[in-house]
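Fold and geometry: a report
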Amino acid sequence: MKHIIWSTGHQIKFDTIVNSDNCYLFDSKGNKLIDLESGVWCTSVGHNNKRVNDVITSQINKITHTGFCYCHPQIEVTAQKVLEITGINNGKCEFLCSGSEVVEYGIRIARAISTKPLVLTFSDSYFGAYGDAVTKNTNQWHTFNWLECGCENSVNGCSGECNSFKNIPFDKIGIFLFEPGSSSGLVRFPSIELISKIVEKIKENGGVIMCNEVTTGIGRTGKWFGYQHYGFTPDIVAIGKGVGNGYPVSITAVSNSVIEQLQKTNFKYSQSHQNDPLGAFVASEVIDIIEQEQLLEKSKELGQYLIQGLSNLISEKSIVKEVRGRGLMLAIEFKRNAQKVYEELLNRGYIVAKRPNAEVLRLDPALTIDKSEIDLFLKTFAEVITA
Ligand SMILES: Cc1ncc(COP(=O)(O)O)c(C=O)c1O
């Protein structure tokens, strides 16, 4: 790999991966690895999914890319499907290529109609590789530390009862950008009380609620979207990763009321791969697979099973401190030695994510993983932490 810029900050562990099947990766010698990270949380319905492949191969022989002034009817079909699962009736969608783009696009729309200067977000949320949401300039953003706010008696972070919460300048905030559950990869979920209070305040002031569902969406947490655990529907939803199952497609879904306000502005956004048909075909197929194979239920049930199995390993002597998760998005927090466990799991063929600067390993297997594979992982994990 002499001619590849490897700028992710991650060390490359394998450079001969040539084949895959659901949760398995195979190297050029046929050795098998078990991918419990879903290629950085993207392969929601498994690597090398036959149905997704068939849709790609059939469409690739017709048309893959259009342009600004002409489009394919599948875009409309997929947009309707996406709006249905988001609960945003009568809204509109924009198809792009990556999570970073759909977050940036959504924020640009929200800012175009907002009458207030600040966007509220949590200090531990992640939104992508570039743009407004990455810089988080203090003259445009108010970041709130919901984990260290000072709420007394709160086991789940802020509940909106402390002075830090009362000091949030809601009169200057027109947008709330909420990542419902990933929080810099550490898998933390703010409480319903906190989110309800924020949503209410923003709505009172006529503001916009946007959810970044790049990681938490498309069944990952046992529902279509992470905000559906909080009982509200946002005005803007950014969807990426799992919706393409590894193919680079992403979608921003926007409510009708936001679109109406946007039409009164001179908002413009153009790039080459907007509303391309191939991505829309893939997204539509992924949604159908999740629906037809009842993968939301599976994500919820297998997630609970895995959390329970891992939690059984917590004891005074164990190096495991906490296991948390929602659906098939889990974090295992260690008292120490997370790096060693990560390396030993890798030696035994298991790919999990090690969060930098934290004693945390993260698991986000494909929603199509077999229960027997989870049982094998639990057995191996128990051996590794005991050793
Ligand atoms: C929560 C969250 N939002 C946005 C992104 C950006 O997505 P992408 O890497 O597809 O641009 C990521 C990527 O990891 C993410 O985890």
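To start, this report covers the structure provided alongside it. (Residues numbered from 1 in each chain as written. Predicted model: local features only at pLDDT ≥ 70, side-chain atom pairs only at ≥ 80, totals over all residues.)

**Looking at the sheet that holds strand 3 (residues 32-35)**
Spelled out, the test is: Strands were regarded as paired on the criterion that DSSP finds at least two bridges between them. Each helix is a run of H or I in the DSSP string that is no shorter than four residues. Each strand is a run of E no shorter than two, and both are numbered from the N terminus.
Here we have 4 strands laid out as an open sheet, ordered 1-2-3-13, and mixed in their pairing. The open sheet is flanked by strand 1 (17-21) and strand 13 (350-351), the only strands paired with a single partner. When strand 1 meets strand 2 (residues 24-27), the two strands line up antiparallel, connected through 4 bridges. By the bridge assignment for strand 2, Asn-19 is matched with Phe-26.

**Points about helix 11 (residues 338-347)**
Each α-helix winds once per 3.6 residues, and so residues spaced three or four apart point in a common direction. Short version of the rule: Each residue is classed by its C-beta neighbour count within 10 Å, where at least 20 other C-beta atoms makes it buried, 12 or fewer makes it exposed, and intermediate counts make it partly exposed; the C-beta atoms are placed from backbone geometry. Think of the arc as the fan of directions from the helix axis to the C-beta atoms. Here the contact rule is simple: place C-beta atoms from the backbone, and any two residues whose C-beta atoms are within 7 Å are in contact.
Along helix 11, the positions that sit buried rather than exposed are Ala-338, Val-341, Tyr-342 and Leu-345. All buried residues of helix 11 lie within an arc of 105° about the axis, which places them on one face of the element. Set apart from the buried face of helix 11 by more than 90 degrees, the exposed residues are Gln-339 and Asn-347. Buried-residue contacts for helix 11 involve strand 12 (329-334), strand 13, strand 14 (353-354), strand 15 (360-363) and helix 12 (371-386). Trailing helix 11 by a residue or two, Gly-349 shows a phi angle of about 95°, which is positive.

**Concerning the site of the ligand**
Applicable threshold: Throughout this description, a residue near a molecule or strand is one whose C-beta atom, derived from the backbone, lies within 6 Å of it. Think of it as three bins: nonpolar holds Ala, Val, Leu, Ile, Met, Phe, Trp, Tyr, Cys and Pro, charged holds Asp, Glu, Lys and Arg, and polar takes everything else, Gly as well.
Among the 15 residues in the neighbourhood of the ligand, the closest are listed as Ser-98, Gly-99, Ser-100, Gly-128 and Val-214. Top contributing element to the shell around the ligand by residue count: helix 4 (residues 99-113), with 3 residues. Its residues assigned to classes, the shell around the ligand shows 5 nonpolar, 8 polar and 2 charged.

**Focus on the sheet that holds strand 4 (residues 92-96)**
Rules: Lines fitted to the C-alpha atoms define the axes, with helices restricted to the stretch that makes contact. Angles between their N-to-C directions range from 0 to 180 degrees.
Sheet architecture is open: 7 strands sit in the order 4-10-9-8-7-5-6, paired in mixed fashion. With partners counted over all chains shown, the strands left at the sheet margins are strand 4 and strand 6 (141-144), one partner each. Recorded for the sheet is a direction-independent mean angle of 20° between the axes of neighbouring strands. Note that strand 7 (residues 173-178) and strand 8 (residues 208-212) share 4 bridges and pair parallel. What sits directly across from Phe-176, in strand 8, is Ile-209. Running over the sheet, helix 4 touches strand 4, strand 5 (118-122), strand 7, strand 8, strand 9 (236-239) and strand 10 (250-254) and is turned about 20° from strand 10. Packing of helix 7 (residues 192-204) onto the sheet brings it into contact with strand 5, strand 7 and strand 8, and relative to strand 7 it is tilted by some 145°.

**Brief notes about the packing of helix 10 (residues 295-311) against helix 12**
In plain terms, the rule: By definition in this entry, angles of less than 35 degrees are roughly parallel, angles greater than 145 are roughly antiparallel, angles of 65 to 115 are roughly perpendicular, and the rest are oblique. Definitions for this section: a left-handed crossing has its near helix turned counterclockwise from the far helix by less than a right angle. A right-handed crossing has that turn clockwise.
Across the interface, helix 10 lies against helix 12 with an axial gap of 10 Å and an inter-helix angle of 15°. It follows that helix 10 is roughly parallel to helix 12 by the angle criterion. Like other packed secondary-structure pairs, helix 10 and helix 12 cross with a definite hand, here right-handed. Across the interface between the two elements, Leu-302, Tyr-305, Leu-306 and Gly-309 from helix 10 touch Lys-371, Ile-374 and Leu-378 from helix 12. Of the residues assigned to the contact of helix 10 with helix 12, the class counts are 5 nonpolar, 1 polar and 1 charged.

**So, the pairing of strand 3**
Of the strand pairs in this sheet, strand 2 and strand 3 are connected by 3 bridges, and their pairing is antiparallel. By the bridge assignment, Tyr-24 is partnered in strand 3 with Ile-34. Connecting the antiparallel pair strand 2 and strand 3 is a turn made up of 4 residues, with Gly-30 showing a positive phi of about 90°. Across 2 bridges, the pairing between strand 3 and strand 13 is parallel.

**Overview of the pairing of strand 8**
Using the following cut-off: Handedness of a crossover is defined as follows: with both strands directed away from the viewer, a clockwise route from the first strand across the helix to the second makes it right-handed.
When you tally the buried positions in strand 8, you get 5 out of 5 residues, the bulk of the element. Viewed along the sheet, the connection from strand 7 through helix 7 into strand 8 turns out right-handed. The sheet contact formed by strand 8 and strand 9 spans 3 bridges and is parallel. Each bridged residue has a counterpart across the sheet, and for Asn-212 the counterpart in strand 9 is Ala-238.

**Thoughts on the nonpolar core**
Put simply, the rule reads: Under the definition applied here, buried Ala, Val, Leu, Ile, Met, Phe, Trp, Tyr and Cys residues are grouped into a nonpolar core through C-beta atoms within 7 Å. Where each domain begins and ends is defined by an automated method or by a domain database.
Residues Ile-239 and Val-286 are the most contacted members of the largest nonpolar core, which totals 104 residues. Each of domain 1 (17-49 + 294-386) and domain 2 (54-292) contributes no fewer than three residues to this core. The contacts of Val-286, once residues within four sequence positions are left out, are Ser-44, Val-45, Val-52, Ile-218, Val-243 and Asn-245.

**Quick notes on the environment of Leu-378**
Structurally, Leu-378 can be placed in helix 12. You can call Leu-378 partly exposed: it has 17 C-beta atoms within 10 Å. C-alpha separation for the pair Leu-378 and Leu-306, spaced 72 residues apart in sequence, amounts to 7.8 Å.

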